[in-house]
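Residue-level listing of the chains:
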Protein chains: 2
Amino acid sequence: MQQNQDAGRTKVVLDAMGGDYAPAEPVKGAVDAVCAREDIEVILVGQEDVVRGELSNYSYPSGQITVVHAEEVIETAEPPVAAIRKKKQSSIVVGMNLVKRKEADAFVSAGSSGAVLVGGQGIVGRIRGIERPPLAPLIPTEKGVSLLIDCGANVDARPSHLVQFARMGSVYMEHVLGVKRPRVAIVNIGAEEEKGNALVKDTFPLLKECTDLNFVGSIEAREIPRGEADVIVCEAFVGNVILKLYEGLSATLIDAIKKGMTSTLKSKIGAALALPALKGTLKSFDATQYGGAPLLGLNGLVVKTHGSAKAVEITNSIFQCVTFKEQDINGRIRKNILSSAEQEGM
Amino acid sequence: MQQNQDAGRTKVVLDAMGGDYAPAEPVKGAVDAVCAREDIEVILVGQEDVVRGELSNYSYPSGQITVVHAEEVIETAEPPVAAIRKKKQSSIVVGMNLVKRKEADAFVSAGSSGAVLVGGQGIVGRIRGIERPPLAPLIPTEKGVSLLIDCGANVDARPSHLVQFARMGSVYMEHVLGVKRPRVAIVNIGAEEEKGNALVKDTFPLLKECTDLNFVGSIEAREIPRGEADVIVCEAFVGNVILKLYEGLSATLIDAIKKGMTSTLKSKIGAALALPALKGTLKSFDATQYGGAPLLGLNGLVVKTHGSAKAVEITNSIFQCVTFKEQDINGRIRKNILSSAEQEGM
């Protein structure tokens, strides 16, 4: 009985030392995840005494959480390539090696983005045929969420990379988010095909030729918050600018609105009455509630959550890993890349 | 007496046919500008009977507005290069030729961005030594406004272009906006010098060498709304994405907030009390109140306002032209480019 249960479980390695609120929030996120669902096993990687100390605050089904010791911690400010190479006993390196050896399905970290990206490529490794693994966060829109692909470290991308991003993003949105025939668009500075920089002009016709994609053309940045596409393809520099401006501008506007609403006595009373209803709206534009960003195209799943992730974002990221495994996203990506390579070879 | 007055006036050519609300709003904007200030003369360019018909709705000092006939109109959807070449009798071509022939100081249009950019370069022409004229809108921040340079059509820029953008932007912010030693930053995907794409990595050390600039390093998109820099340097594709996402996300959030605040009866009452105070906040994040975006580095001033510009934005853009002339921005840009060219030649 026990064995059967184990076999069906998704095994998620969680970096207990990563992020601004580690180890408290990652550990709480792990506990909440296993308390909510029986089909999850979390392997907490980090300094064992510290992690066990945190765990002792909770009661949880003990068979669903294990602790693996990792002596070192990679700090956010460390140069990532050197950190991954030198700190073999860090929670990121130890955790990713568990995924590499197929002892776990996924790795989740709120730690150094650079180290997660470098480790993902270097330790977990790319799926055969994938040129570059993109980081693909979900961003909130008026209609729900869209996948922004790529926001990672792959700057100065080539057109063939962007086509693979479109394919992987499409698989993810269809099978993890359940969007039928996801609309794929490329970020551009105008709606017409002849607009754009060299990269976009070269990529546009390639995307148009992809009969397996529901390519809807260019999307201007103005239309992104309106939810005009499900998969928003761009190279990493532009994606990073979009993601960070999204977070920064939402936070600044929400701060300004709160301040504006409490600037007079009359408006303070108004704010007290209106804020409960408003909170739902503001929450829907809070990127942290959608879990982490997957690094797609690897031999296993790697998920990067916000550095400021609290337990709820960690828990949601763990749930995301279950859907990813259940829907066999990597199997689908492999098949997709293989069949498109065959088509292009014809 | 009359002649002396004329000599001191700033002559602004206004495209009466450009924008979503032409000719009504441009004409109203012109009337408001000359009613407010004696030192302005507006030359309205467009179909004369239409423009005169609009003007007949107002009383204004008639010596400060003249009308110049232009039979043709360039539509927003027209390919700009062909439109500028073929429509010699359009309001944009006729108006820009007045600036070229030094019969006016500045040209303002809410019409086709592409045509304004192409006409600015092709008709008004670049200042000697300027490689590319950047479009530089002001964007609202928590602390006031920042200049985002370049948002134009100069995609795939080179490092030397970005250095010129930094210099021109710095002159503009110091002498039009009155910011002492404007902080210049380059848009990047991390704070460290070694981060970024090839363009940013190549430009960063060049900016560091510019002793005439107050270069403060990289700025991540997240920090832009916080007002962490006065001059935000980037190539046009990235600038366009930032500008349009700024507009789109602000609009979407403000819509969502209004909807959220009126979702229940209690919150409706709250909204009624809080909205007057809130409006000031929301207005400070409304890009349209800051006038248009100058196309810098030309032999004369060209200003592009929003396609949806109302009279107030047109009027503000006309005032902006006066400051531009009074502060001799083009003289300063010429001197700046000349002296930096000499320095580099040493």
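Because the structure is a prediction, the values reported are computed rather than measured.

**Digging into the overall build of chain A**
- Broken down by element type, chain A carries 12 helices and 11 strands.
- Principal axes of the C-alpha set define a box for chain A whose edges measure 70 × 60 × 40 Å.
- Contacts in chain A between residues far apart in sequence, at least 24 positions, make up 72% of those at least 6 positions apart.
- By element, 51% of the accessible surface of chain A is carried by carbon and sulfur atoms, the whole surface being about 14,100 Å².
- Averaged over its 39 positive side-chain charges, chain A has a centre that lies 1 Å from the centre of its 41 negative ones.

**As for the pattern of salt bridges**
- The final tally for this structure, using the stated rule, is 28 salt bridges over all chains.
- Residue Arg37 of chain B pairs with Asp39 of chain B through a salt bridge whose shortest N-O separation is 3.0 Å.
- Under the relative-accessibility criterion, Asp39 of chain B is labelled partly exposed at 24%.
- A salt bridge links Arg158 of chain B to Glu131 of chain B; the nearest nitrogen and oxygen atoms lie 3.8 Å apart. Of the two residues, Arg158 of chain B sits in the loop between strand 6 (144-149) and helix 7 (159-175) while Glu131 of chain B sits in the loop between helix 6 (113-124) and strand 5 (138-141), which places them 27 residues apart along the sequence.
- What emerges from the salt-bridge pattern is a single network uniting Glu142 and Arg226 of chain A together with Asp255 of chain B.

**A word on the packing of aromatic side chains**
All names here are of chain B.
- Going through the model one piece at a time under the given rule, you end up with four aromatic pairs over all chains.
- Relative to Phe324, the ring of Tyr172 has its centre 6.1 Å away and its plane inclined at 50°; by these criteria the two rings are tilted. Taken as a pair, Tyr172 in helix 7 and Phe324 in helix 11 (residues 311-326) lie far apart in primary sequence, 152 residues in all.
- For Tyr172, a relative accessible area of 1% translates into the label buried.

**Considering the pairing of strand 5 (residues 138-141) of chain A**
- Residues Leu138 and Pro140 of chain A line one face of strand 5 of chain A and the alternating positions Ile139 and Thr141 of chain A line the opposite face, and both faces are buried.
- Hairpin geometry of strand 5 of chain A and strand 6 (residues 144-149) of chain A is characterised by an intervening segment of two residues between the two adjacent antiparallel strands.

**Remarks on the sheet that holds strand 3 (residues 65-69) of chain B**
All names here are of chain B.
- Ordered in space as 3-2-1-4-11-10, the six strands form an open sheet in which the pairing is mixed. Strands with a single pairing partner mark the edges of an open sheet, and in this sheet they are strand 3 and strand 10 (293-295). Each strand axis lies, on average, 25° off the axis of its neighbour in the sheet, ignoring direction.
- Two elements, strand 2 (residues 40-46) and strand 3, share five bridges in a ladder whose sense is parallel.

**Here we look at the packing of helix 7 (residues 159-175) of chain A against helix 8 (residues 198-209) of chain A**
Residues and elements named next belong to chain A.
- Running from N to C, helix 7 and helix 8 cross one another at 50°; their axes reach a closest spacing of 9 Å. The angle between helix 7 and helix 8 places the two elements in the oblique class. The handedness of the crossing between helix 7 and helix 8 is right-handed. Mapping the contact onto sequence places Pro159, Leu162, Val163 and Ala166 in helix 7 and Leu199, Asp202, Thr203, Leu206 and Leu207 in helix 8.

**Considering the environment of His175 of chain B**
All names here are of chain B.
- Looking at the secondary structure, you find His175 in helix 7.
- Taking the C-alpha atoms as reference, His175 lies 8.3 Å from Thr323; in sequence the two are 148 residues apart.
- With sequence-adjacent residues up to four places away left out, His175 is seen in contact with Thr323, Gln327, Ile329 and Arg332.
- Of the polar contacts made by the side chain of His175, one reaches the side chain of Arg332; its length is 3.5 Å.

**Examining the interface of chain B and chain A**
- Chain B puts 50 residues into the contact, and the matching count from chain A is 50 residues.
- Interface of chain B and chain A: buried area, both sides summed, is about 4,700 Å²; carbon and sulfur atoms make up 75% of it.
- Of all residues in chain B, the largest losses of buried area upon contact with chain A belong to Ile189, Phe237 and Leu245 of chain B, amounting jointly to 15% of the total for that side.
- Our count for the chain B to chain A interface comes out at six salt bridges.
- Sorting the residues of the side of chain B that touches chain A by element identifies helix 8 (198-209), helix 9 (236-261) and helix 10 (265-284) of chain B as the ones contributing at least two each.
- No other element matches the 20 residues that helix 9 of chain B contributes to the side of chain B that touches chain A.
- Considered class by class, the residues forming the side of chain B that touches chain A number 28 nonpolar, 13 polar and nine charged.

**Remarks on the sheet that holds strand 7 (residues 183-187) of chain A**
Residues and elements named next belong to chain A.
- With respect to topology, five strands assemble into an open sheet ordered 5-6-9-7-8, the strand pairing being mixed. Pairing within the sheet leaves two strands with one partner each, and these edge strands are strand 5 and strand 8 (214-219). With direction set aside, neighbouring strand axes in the sheet form an average angle of 30°.
- Bridge count between strand 7 and strand 8: five bridges; the pairing is parallel. Across the sheet, the residue bridging to Arg183 is Asn214, located in strand 8.

**Looking at the relation of the copies chain B and chain A**
- Least-squares fitting of chain B to chain A yields an RMSD of 0.0 Å, with the superposition described by an axial translation of 0.0 Å and a rotation of 180°. Between the two chains, the operation in question is that of a two-fold axis. Judged by C-alpha distance, Gly270 of chain B is the residue of chain B that lies nearest the rotation axis, at 1.8 Å.

**A closer look at the nonpolar core**
- In this structure, Leu44 of chain A together with Leu44 of chain B are the most contacted members of the largest nonpolar core, which totals 168 residues.
- Considering each element in turn, this core owes the most residues, 11 residues, to helix 9 of chain B.
- Contact partners of Leu44 of chain B, with chain neighbours within four places excluded, come to Leu14, Ala16, Val27, Ala30, Val51, Leu55, Ile65, Thr66, Val67 and Val68 of chain B.

**A look at the pairing of strand 7 of chain A**
Residues and elements named next belong to chain A.
- For strand 7, a buried count of four out of five residues is recorded, marking the element as mostly surrounded by other parts of the structure.
- Sheet topology places strand 7 next to strand 9 (residues 231-233); three bridges connect them, and they run parallel. Its bridge partner lying in strand 9, Ala185 is registered against Ile232.

**A closer look at the environment of Gly227 of chain B**
Residue and element names in this part refer to chain B.
- In this fold, Gly227 is placed in the loop between strand 8 (214-219) and strand 9 (231-233).
- Judged by its relative accessible area of 3%, Gly227 falls in the buried class.
- When the C-alpha positions of Gly227 and Val94 are compared, they lie 39 Å apart, and in sequence the two are 133 residues distant.
- Each residue touching Gly227, except ones within four places of it in the same chain, is listed here: Thr141, Lys143, Ser146 and Arg183.

**Side note on helix 5 (residues 91-100) of chain B**
Residues and elements named next belong to chain B.
- Helix 5 sits mainly inside the fold: eight of its 10 residues count as buried.
- Along helix 5, the residues classified as buried are Ser91, Ile92, Val93, Val94, Gly95, Met96, Leu98 and Val99.
- In the segment just after helix 5, Lys102 is the residue with positive phi, at about 60°.

**Description of the packing of helix 9 (residues 236-261) of chain A against helix 9 of chain B**
- Helix 9 of chain B packs onto helix 9 of chain A with a crossing angle of 40° between their chain directions and a minimal axis gap of 9 Å. Taken together, the axes of helix 9 of chain A and helix 9 of chain B lie oblique to each other. The two elements helix 9 of chain A and helix 9 of chain B meet at a crossing, and its hand is right-handed. Along the contact surface, helix 9 of chain A presents Phe237, Val238, Val241, Ile242, Leu245, Tyr246, Leu249, Ser250, Leu253, Ile257 and Met261 of chain A, while helix 9 of chain B presents Phe237, Val238, Val241, Ile242, Leu245, Tyr246, Leu249, Ser250, Leu253, Ile257 and Met261 of chain B.
- When grouped by side-chain class, the residues that make up the contact of helix 9 of chain A with helix 9 of chain B number 20 nonpolar, two polar and no charged.

**Some remarks on the state of the cysteines**
- Counted under the stated rule, the structure contains zero disulfides over all chains.
- The closest cysteine sulfur to the non-disulfide-bonded Cys234 of chain A is located on Cys151 of chain A, 5.8 Å from its own sulfur.
- Looking at Cys321 of chain B, it has no disulfide partner, and the nearest cysteine sulfur is the one in Cys35 of chain B, 18 Å off.

Definitions and cut-offs
- Residues numbered from 1 in each chain as written.
- Chains lettered and ligands numbered in written order.
- Predicted model: local features only at pLDDT ≥ 70, side-chain atom pairs only at ≥ 80, totals over all residues.
- Heavy atoms only, no water.
- Helix = DSSP H or I, 4+ residues; strand = E, 2+ residues; numbered from the N terminus.
- Contact = heavy atoms within 4.5 Å.
- Areas by Shrake-Rupley, 256 points an atom, 1.4 Å probe, with all protein chains shown as cover.
- Lys, Arg positive; Asp, Glu negative; His and termini not counted.
- Charge placed at Lys NZ, Arg CZ, Asp CG, Glu CD.
- Salt bridge = Lys/Arg side-chain N within 4 Å of Asp/Glu carboxyl O.
- Buried < 20%, exposed > 50% of the residue type's maximum accessible area, 1.4 Å probe, protein only.
- Phe/Tyr/Trp six-rings, centres within 6.5 Å; stacked < 30°, edge-to-face > 60°.
- Pairing = 2+ DSSP bridges.
- Axes fitted to C-alpha atoms, helices over the stretch in contact; angles between N-to-C directions.
- Parallel < 35°, antiparallel > 145°, perpendicular 65-115°, else oblique.
- Left-handed = near helix turned anticlockwise from the far one by under 90°.
- Polar contact = N/O pair within 3.5 Å; in protein donor to acceptor, adjacent residues only side chain to side chain.
- Buried area = accessible area lost by both parts, 1.4 Å probe.
- Nonpolar A, V, L, I, M, F, W, Y, C, P; charged D, E, K, R; others polar.
- Least-squares fit on C-alpha atoms with pLDDT ≥ 70 in both.
- Core = buried A, V, L, I, M, F, W, Y, C linked by side-chain atoms within 4.5 Å.
- Disulfide = S-S within 2.5 Å.

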